[in-house]
Amino acid sequence: QEQWVETGGGLVQPGGSLRLSCTASGSIFGTNVLGWYRQFSGQERALVASISRGGGKAIYADVVKGRFTISRDDAKNTVYLQMNNLKSDDTALYYCNIVPERSDYWGQGTQVTVSS
């Protein structure tokens, strides 16, 4: 079973920034589209950003477009999510996975809380 580890969450004020990181097995990273998902309390996980193999193309959900940036470093087996101009509506548990997701790849996630 692959171990996905998300880090970088925390408490931030509205308008602030956070950078999330996620690492997993190298055998997964280089050959898959990678994504960041988030889960609001009591709801299903939803994809917010994805990045192609090689990193040449990124796709964002409309609600984060222009504020979030996904990137990947396959040499470090790491995918990042730079989040700027955070809003209270961004408060959620954030996860990474391949796209489409695999149920056995979900990690513990990292909590992002945006509050003054």
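Going by the structure above, here's the rest.
Below or above, wherever it landed, is the structure these notes cover. (Residues numbered from 1 in each chain as written. Predicted model: local features only at pLDDT ≥ 70, side-chain atom pairs only at ≥ 80, totals over all residues. Heavy atoms only, no water.)

### Some words on the overall build of the protein chain
The line we're drawing: Working definition: helices are DSSP H or I runs of at least four residues, strands are E runs of at least two. Numbering for both runs from the N terminus. Each radius of gyration is computed over the set of C-alpha atoms, and the globule rule expresses the reference value as 2.2 Å times the number of residues to the power 0.38. Burial status follows relative accessibility: with a 1.4 Å probe on protein chains alone, a residue under 20% of its type maximum counts as buried, one over 50% as exposed, and anything between as partly exposed. Exposure was quantified through the Shrake-Rupley algorithm and a 1.4 Å probe, taking into account, for residues, occlusion by the shown protein chains and nothing else. None of His or the chain ends enter the tally, which takes Lys and Arg as positive and Asp and Glu as negative. Throughout, a charge is located at the NZ atom of Lys, the CZ atom of Arg, the CG atom of Asp or the CD atom of Glu.
The number of helices and strands found in the protein chain is 1 helix and 10 strands. The order of helices and strands in the protein chain, counted from the N terminus, is β-β-β-α-β-β-β-β-β-β-β. In terms of overall size, the protein chain behaves like a compact globule, its C-alpha atoms giving a radius of gyration of 13 Å where 116 residues would be expected to give roughly 13 Å. With respect to the three principal axes, the spread of C-alpha positions in the protein chain is 40 × 30 × 20 Å. Counting across all 116 residues of the protein chain, residues that qualify as buried make up 41%. Accessible area for the protein chain stands at about 6000 Å²; split by element, carbon and sulfur atoms hold 45% of it. Between the averaged position of the 11 positive side-chain charges in the protein chain and that of its 10 negative side-chain charges there is a distance of 6 Å.

### Things to note about the sheet that holds strand β10 (residues 110-114)
Rules: Between any two strands, pairing holds if DSSP finds at least two bridges. Axes here refer to lines fitted to C-alpha atoms; in helices the fit is confined to the stretch in contact. Angles between the N-to-C directions go from 0 to 180 degrees.
Strand order across the open sheet formed by 6 strands is β2-β10-β9-β4-β5-β6, with mixed pairing between neighbours. Strand pairing shows two members of the sheet lacking a second neighbour, β2 (10-12) and β6 (58-60), which therefore form its edges. Along the sheet, successive strands turn relative to each other by an average axial angle of 25°, direction set aside. As judged from the 3 bridges shared by β2 and β10, these two strands associate in the parallel manner. Bridge pairing links Val-12 to Val-114 in β10.

### Description of the packing of aromatic side chains
Stated precisely, the cut-off is as follows: Stacked, edge-to-face and tilted labels apply to pairs of Phe, Tyr and Trp rings (six-membered ring for Trp) whose centres lie within 6.5 Å, assigned for plane angles under 30 degrees, over 60, and everything in between, in that order. Charge over a ring is defined by NZ of Lys or CZ of Arg lying within 6 Å of the ring centre and within 35 degrees of the ring normal.
Taken as a whole and assessed by the stated rule, the structure comprises 4 aromatic pairs. A centroid spacing of 5.8 Å and a plane angle of 25° characterise the contact between Trp-4 and Phe-29, whose relative ring orientation is stacked. Residue Trp-4 is found in the segment before β1 (5-7), and its partner Phe-29 is found in helix α1 (residues 26-29); the two are separated by 25 residues along the sequence. Here Trp-4 and Phe-29 have matching classes, each one buried. An aromatic cluster is present here, built from Trp-4, Phe-29 and Tyr-105 joined pairwise through their rings. Positioned above the aromatic ring of Tyr-80 is the side chain of Arg-19, whose terminal nitrogen or guanidinium carbon lies 4.0 Å from the ring centre. Against the face of Trp-106 rests Arg-45, its NZ or CZ located 4.0 Å from the ring centre.

### Here we look at the environment of Glu-2
The following threshold applies: Contacts are assigned to residue pairs with any non-hydrogen atoms lying within 4.5 Å of each other.
Within the secondary structure, Glu-2 is located in the segment before β1. A relative accessible area of 23% means that Glu-2 is categorised as partly exposed. The sequence separation of Glu-2 and Asp-104 amounts to 102 residues, and the corresponding C-alpha distance is 7.4 Å. For Glu-2, the residues in contact, after removing those within four places along its chain, are Ser-25, Ser-27, Ile-28, Asp-104 and Tyr-105.

### A word on the nonpolar core
Side chains that are nonpolar tend, in soluble globular proteins, to be buried together. What counts here: Here, nonpolar core means buried Ala, Val, Leu, Ile, Met, Phe, Trp, Tyr and Cys residues that are tied together by side-chain atoms lying within 4.5 Å of each other.
With 28 residues, the main nonpolar core has Trp-4, Trp-36, Ile-70, Val-79, Leu-81, Met-83 and Tyr-94 as its most contacted residues. Of all elements in the fold, only β3 (18-23), α1, β4 (34-39), β5 (46-51), β7 (68-73), β8 (78-83), β9 (92-98) and β10 reach the threshold of two or more residues within this core. Sort the elements by how many residues they give to this core and β9 lands first, with 4 residues. Setting aside residues no more than four positions away along its own chain, Leu-81 makes contact with Leu-18, Arg-19, Leu-20, Trp-36, Ala-49, Phe-68, Thr-69, Ile-70 and Tyr-94.

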